[in-house]
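# Breakdown of the fold
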Amino acid sequence: MLQIRLASPDDLDGIAALLQANAPSRGGSLTGEFPSGKVAAMLRSGMPAVAALRDGRVVGALFSSAAAQPSPPPPVAAMLRAWPGGPDAYVYGPICVAASERGQGLPARLYAALRDSLPGAEAILFIRRDNAASLRAHQRLGMREVAAFALDGVDYAVLSDAGHSNTEDLEHNS
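Now for a description of the structure that goes with this document. (Residues numbered from 1 in each chain as written. Predicted model: local features only at pLDDT ≥ 70, side-chain atom pairs only at ≥ 80, totals over all residues. Heavy atoms only, no water.)

## Quick word on the sheet that holds strand β7 (residues 154–160)
Pairing between sheet strands relies on hydrogen bonds along the backbone, with the strands arranged either parallel or antiparallel. Strands sit in the order β1-β2-β3-β4-β5-β7-β6 across an open sheet of seven strands; the sheet is mixed. Strands at the two margins of the open sheet, each flanked by one partner only, are β1 (2–6) and β6 (144–151). The sheet shows a mean angle of 25° between the axes of neighbouring strands, direction not considered. Bridge count for strand β5 (residues 123–128) against β7 is five bridges, and the pairing is antiparallel. (Pairing = 2+ DSSP bridges. Helix = DSSP H or I, 4+ residues; strand = E, 2+ residues; numbered from the N terminus. Axes fitted to C-alpha atoms, helices over the stretch in contact; angles between N-to-C directions.)

## Structural notes on the pairing of strand β2 (residues 49–54)
In terms of residue burial, β2 counts as a mostly covered element, since five of its six residues are buried. Bridge count between β2 and strand β3 (residues 57–66): six bridges; the pairing is antiparallel. Paired with Ala49 across the two strands is Phe63, which belongs to β3. Here β2 hands over to β3 after two residues, with Asp55 in that stretch at a positive phi of 50°. (Buried < 20%, exposed > 50% of the residue type's maximum accessible area, 1.4 Å probe, protein only.)

Here's what the structure looks like:
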């Protein structure tokens with residue numbers, strides 16, 4: 001049985017394991033590494049994170065963070081220079097789905113749960129241009145490219161969900 005809910009500190013080990021399994025050091029497409037200490041800090045940030053659990057095991061996670069942060073990681077800083085978003089904007093991501101769950105619409109369900117926690121706020125995110133699957137998945141969620149940037153020789157697209165009306169569209173598009 002699949003459960004989607006706001007993440008809690010009890011999910012730390014499962015989320016960290018999922019993120020690290022999909023980190024660049026393991027051939028994954030996430031931007032950056034996510035050891036337990038970093039994931040714990042993300043969970044304590046005060047911004048919502050969503051977890052998907054199948055039979056008690058974390059199989060998906062989606063984080064959010066404040067757009068106004070004192071020292072964002074370099075890719076987030078570059079994204080915010082390219083597209084700062086509106087006054088209610090937040091940084092969407094990372095999102096990660098276990099290989100066993102891909103192709104089943106889980107990103108749309110995680111995103112809908114996050115939107116429920118941040119109603120009306122603008123999600124802004126970046127995706128590597130060479131990550132075609134993630135670009136397609138986020139466009140299916142109703143996000144659109146609004147800017148671009150390059151960092152350390154890598155090209156990124158910046159996407160926003162500004163103007164996205166409601167989660168019913170998500171269910172229809174997933």
